[in-house]
Every structure is written in C-alpha cells, then in structure tokens.
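# Structural overview
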Amino acid sequence: MSLLQERKQEIISDYQIHETDTGSADVQVAMLTERINRLSTHLRENKKDHASRRGLLKMIGQRKRLLAYILKQDKDRHRALLTRLGIRG
C-alpha cells in the first residue's frame, strides 16, 4: 500500500522547487495526492475497511491544510499545482 522508493523519487523530482528540495509543501501535496489516489482505489474494492477510510480522511485534511498554506503564499503556484495534480479546487 505504501509508495515505492522509485515512485517517491519521481514525485520529488517532478514537484521540487529547487535541486535539494525534498519536503516543500508542493512535494508533500503531490505525495499525499498519490497516496490518496491509491487508497481510494483500495476502498472501492474493500467497502468495509473503515480504518483505512479514516486514514484517507486524515490525509485529505492534511492535503487541504497544505493547499491552504500554498494559497496564502502564492495564488499562481496554488493554481498551477492544482492543475498539474488534477485536483479540483
């Protein structure tokens, strides 16, 4: 269920702001989005997995807070990130 190291490196390299960036808000939102998408497909097949559903809701809340932070910092960066990730805002 967790992300593979290769996939994490792909996401980090795609969304990093500068060369040594591994934990900026953009990278964190991209990682959370990947985990949310994987967990959503899992929950479509396993409808009674309520513990994972709770984890999904916590991840969605965390992503929402990070996106609010990015919006407060730079509206254009926020809009571009939502478009790249395919999230409706």
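Position labels on residues start from 1 in each chain and follow its written sequence. With pLDDT at 70 or above as the cut-off, local features in this predicted model cover only qualifying residues; side-chain atom pairs require 80 or more to be listed or tallied, and sums for whole chains, interfaces and linings still use all residues. Processing note: side-chain calculations cover all non-hydrogen atoms of the structure and skip hydrogens and water entirely.

For the rest of this paragraph, the subject is the packing of aromatic side chains. By convention here, two paired aromatic rings are described through the distance between centres and the angle between planes. Aromatic contacts are taken between Phe, Tyr and Trp rings whose centres are within 6.5 Å, Trp giving its six-membered ring; a plane angle under 30 degrees counts as stacked, one over 60 as edge-to-face, and the others as tilted. Evaluated as defined, the whole model comprises 0 aromatic pairs. In our convention, an over-ring charge means Lys NZ or Arg CZ found within 6 Å of a ring centre and within 35 degrees of that ring's normal. Across from the ring centre of Tyr15, 4.1 Å away, lies the NZ or CZ of Arg84, which sits over that ring.

The next point concerns the nonpolar core. Residue types Ala, Val, Leu, Ile, Met, Phe, Trp, Tyr and Cys, when buried and joined through side-chain atoms within 4.5 Å, form a set referred to as a nonpolar core. Think of it in three bands: residues with accessible area under 20% of the maximum for their type are buried, residues over 50% are exposed, and the middle band is partly exposed, with areas taken using a 1.4 Å probe on protein chains only. Ranked by size, the top nonpolar core spans 22 residues in total, and within it Ile11, Tyr15, Val29, Met31, Leu81 and Leu85 carry the most contacts. What counts as a helix is a DSSP run of H or I of at least four residues, what counts as a strand is a run of E of at least two, and both are numbered from the N terminus. Those elements that provide at least two residues to this core are α1 (5-15), α2 (25-45), α3 (50-73) and α4 (75-85). At 9 residues, α2 tops the list of elements feeding residues into this core. With residues near it in sequence (within four places) discarded, Met31 still touches Leu3, Lys8, Ile11 and Ile12. Working rule for contacts: check all heavy atoms of both residues, and any pair within 4.5 Å makes them a contact.

This part is about the packing of α3 against α4. Packed helix pairs are characterised by how far apart their axes lie and by the angle those axes make with each other. Helix axes are fitted only over the stretch in contact, all axes being lines through C-alpha atoms; the angle between N-to-C directions runs from 0 to 180 degrees. In the contact formed by α3 and α4, the axes pass within 5 Å of each other and the chain directions differ by 140°. By the angle between their axes, α3 is oblique relative to α4. Residues Leu67, Ile70, Leu71 and Gln73 of α3 form the contact with α4, whose own contacting residues are Lys75, Arg77, His78, Leu81 and Leu82. Relative orientations are named as follows: roughly parallel for angles under 35 degrees, roughly antiparallel for angles over 145 degrees, roughly perpendicular for angles from 65 to 115 degrees, and oblique for any other angle.

This part is about the confidence of the model for the chain. A residue's pLDDT is simply how confident the predictor is in it, with values from 0 to 100. Per-residue confidence for the chain gives a mean pLDDT of 95, with 98% of residues at or over 70. Across the chain, the element-wise mean pLDDT spans from 94 in α1 up to 98 in α3.

Locating Glu34 in the fold gives a position in helix α2. Under the relative-accessibility criterion, Glu34 is labelled buried at 15%. Between N or O atoms, a polar contact is any pair within 3.5 Å; within protein, one atom must be a potential hydrogen donor and the other a potential acceptor, and residues adjacent in sequence are included only when both atoms are from side chains. One polar contact links Glu34 to Arg7, side chain to side chain, over a distance of 3.0 Å. Once residues lying within four places of it in the same chain are set aside, the contact partners of Glu34 are Leu3, Arg7 and Ile11.

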